[in-house]
Amino acid sequence: MTDFNPAHARLFPAQGLSLGLMTPVAAHGLADPHEARRIARLADDLGFAALWTRDVPLMVPQGPDATASALDDPFLWLGMLAAATERIVIGTAAIVLPLRQPLQVAKSALSLDRISGGRFVLGLGSGDRPEEFAAFGEDLQSRAATFRERWSLLHAALSPEPSERAPVMQATGGYHVLPAPARRIPMLVVGTARQSLQWIAREAEGWATYHREETAQEGRIGLWQQAQAQRGGAPKPFVQSMLLDLQADPAAPAEPLPLGLKVGRDGLRDYLLRVHAQGVAHVMFNLVDNGRPMDEVLREIGEQILPDTPR
């Protein structure tokens, strides 16, 4: 199989643990592009492995306080961050594939990979907001099958292997989206996308899922490892997102949050070492705005925690 682009090795160091950030970082309303570029450069300089962003097609109020997220187009957003940085990986977590035309996603992915110098990772999900499916004219109940169908065509369009690109030629009447990439762009499933773990282990380059209590997460990792054992071949990485409220007191004890932790740096360091021992390869932090200057939070992670993560 063709080698992966440079993003794969940066994101998934052999036997190591890497850390990334969900962007925009702790933004309220539409993010300031100037500030986002500055934060991206700081994260790059500090040694974070990745900058991630979500795909939110419509501002649909959600949650107990009925707030609506306002996020820029993920591909344009990541293009901006790629231009502002040099080493850090840029990734989607996740593009809602049943709401997007796969050849258009392929065009954006191939362009971002080329623009960034091979620093792009494509995470894909199935979506779950009925309002968005209705607005885009897609069937919510069929999204699992739609995801598989569009994944197949997208995978073919992104493949560097001529033997794998035939579905694109059939779909387009013999025309390429862009020239084939020199190296494979990693494709991750985010959440389950309503697929079996066996399907994900076979089709994707890795699985990204959500923070859970440690015992529950260990069970999920075990199921992922079983699915890979059934598939055979080299192990594929497990990625975990995590809401993080990093306290100024380094010794502040860990308190559970929905999908994350409120904790000081000592407890966070210990937590990361434990989940890595369970099988986590990458953690993407969704930072909580708790009043601390964001530069201070990023520097604390970059200077006090990153050096102690397994490499």
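Preceding this paragraph is the structure being described.
(A) Here's a closer look at the overall build of the protein. Within the protein, the secondary structure is distributed over 11 helices and 10 strands. Along the first, second and third principal axes, the C-alpha set of the protein runs to 60 × 40 × 40 Å. Expressed as a percentage of the 311 residues in the protein, the buried residues total 52%. Contacts in the protein between residues far apart in sequence, at least 24 positions, make up 71% of those at least 6 positions apart. Taking the average location of the 30 positive side-chain charges in the protein and that of its 35 negative ones, the two points are 5 Å from each other.

(B) View of the pairing of strand S9 (residues 260–263). Sheet topology note: the strand S7 (residues 238–246)/S9 ladder contains 4 bridges and is parallel. Pairing of leucine 243 across the sheet is with glycine 260, part of S9. Pairing of strand S8 (residues 255–257) with S9 involves 3 bridges; the strand directions are antiparallel. Looking across to S9, one finds that glutamate 255 is bridged to lysine 262. Counted along the chain from S8 to the antiparallel partner S9, the turn is 2 residues long, and its residue leucine 259 has a positive phi close to 65 degrees.

(C) Spotlight on the packing of helix H3 (residues 74–84) against helix H4 (residues 102–115). Following both chains from N to C, one finds H3 and H4 inclined at 5 degrees, their axes separated by 10 Å at the closest point. In terms of orientation, H3 and H4 fall into the roughly parallel class. Mapping the contact onto sequence places Phe75, Leu78 and Gly79 in H3 and Val105, Ser108, Ala109 and Leu112 in H4. Its residues assigned to classes, the contact of H3 with H4 shows 5 nonpolar, 2 polar and no charged.

(D) Representation of the pairing of strand S4 (residues 120–125) in the model. Across the 6 residues of S4, 6 count as buried, placing the element largely inside the fold. What you see with S4 is no split at all: Phe120, Leu122 and Leu124 on one side and Val121, Gly123 and Gly125 on the other are buried throughout. Summarising the sheet, strand S3 (residues 89–96) and S4 pair through 5 bridges and their orientation is parallel. Within S4, the position partnered with isoleucine 95 by the bridge is leucine 124.

(E) Representation of the nonpolar core in the model. Membership of the largest hydrophobic core comes to 75 residues, with the highest contact counts inside it found for Leu19, Phe48, Leu122, Leu268, Phe285, Leu287 and Ile301. Those residues in contact with phenylalanine 285 that sit more than four places away from it in its chain are Leu19, Gly20, Leu21, Met22, Met242, Leu244, Leu268, Leu272 and Ile301. Grouped together as the second largest cluster of nonpolar side chains are 17 residues, Ala49, Val89, Ala93 and Leu188 included.

(F) Examining the packing of helix H2 (residues 33–46) against helix H11 (residues 294–305) more closely. Direction vectors running N to C along H2 and H11 enclose 20 degrees, while the axes themselves pass 9 Å from each other. Relative to H11, the element H2 is oriented roughly parallel. H11 is crossed by H2, and the crossing has right-handed handedness. Residue-level inspection shows Arg38, Ile39, Leu42 and Leu46 of H2 in contact with H11, the latter providing Met294, Asp295, Leu298, Arg299, Gly302 and Glu303. When grouped by side-chain class, the residues that make up the contact of H2 with H11 number 5 nonpolar, 1 polar and 4 charged.

(G) The arrangement of the layout of surface pockets in detail. Within this model, the largest pocket holds a volume of roughly 1700 Å³. Contributing to the lining of the largest pocket are 49 residues, with Arg54, Gln62, Ser69, Arg129 and Asn286 lying nearest its centre. Among the elements of the structure, strand S1 (18–23), S3, strand S6 (206–209), S7 and strand S10 (280–287) are those that each provide at least two residues to the lining of the largest pocket. Examining the composition of the lining of the largest pocket, we find that 4 residues originate from one element, S10, more than from any other. Looking at the second largest pocket, its volume works out to about 600 Å³. In terms of lining residues, the second largest pocket is bounded by 24 residues, among which Gln228, Pro235, Lys236, Pro237 and Phe238 are the most central. Elements supplying a minimum of two residues to the lining of the second largest pocket: helix H9 (214–231) and S10.

(H) Layout of the packing of aromatic side chains. For the structure on display, the rule yields 5 aromatic pairs. The interplanar angle of 35 degrees and the centroid separation of 5.7 Å between the aromatic rings of phenylalanine 147 and tryptophan 151 together place this pair among those described as tilted. Here the residue phenylalanine 147 and the residue tryptophan 151 both occupy positions in helix H6 (residues 143–158), the gap between them amounting to 4 residues, near one helical turn. Comparing phenylalanine 147 with tryptophan 151, the two get one shared label, buried. Taken together, a centroid distance of 5.6 Å and an interplanar angle of 50 degrees make the contact between tryptophan 207 and tryptophan 224 tilted. Of the two residues, tryptophan 207 is situated in strand S6 and tryptophan 224 in helix H9; the sequence distance between them amounts to 17 residues. Residue tryptophan 207 shares its accessibility class with tryptophan 224, and that shared class is buried.

Reading the values: the criteria
Residues numbered from 1 in each chain as written. Predicted model: local features only at pLDDT ≥ 70, side-chain atom pairs only at ≥ 80, totals over all residues. Heavy atoms only, no water. Helix = DSSP H or I, 4+ residues; strand = E, 2+ residues; numbered from the N terminus. Buried < 20%, exposed > 50% of the residue type's maximum accessible area, 1.4 Å probe, protein only. Contact = heavy atoms within 4.5 Å. Lys, Arg positive; Asp, Glu negative; His and termini not counted. Charge placed at Lys NZ, Arg CZ, Asp CG, Glu CD. Pairing = 2+ DSSP bridges. Axes fitted to C-alpha atoms, helices over the stretch in contact; angles between N-to-C directions. Parallel < 35°, antiparallel > 145°, perpendicular 65-115°, else oblique. Nonpolar A, V, L, I, M, F, W, Y, C, P; charged D, E, K, R; others polar. Core = buried A, V, L, I, M, F, W, Y, C linked by side-chain atoms within 4.5 Å. Left-handed = near helix turned anticlockwise from the far one by under 90°. 1 Å grid on protein atoms, 1.4 Å probe; cavity = no way out; pocket = protein on both sides within 12 Å on 5 of 7 lines; lining within 4 Å. Points joined across faces, edges and corners; volume = space filled by probe spheres on them. Phe/Tyr/Trp six-rings, centres within 6.5 Å; stacked < 30°, edge-to-face > 60°.

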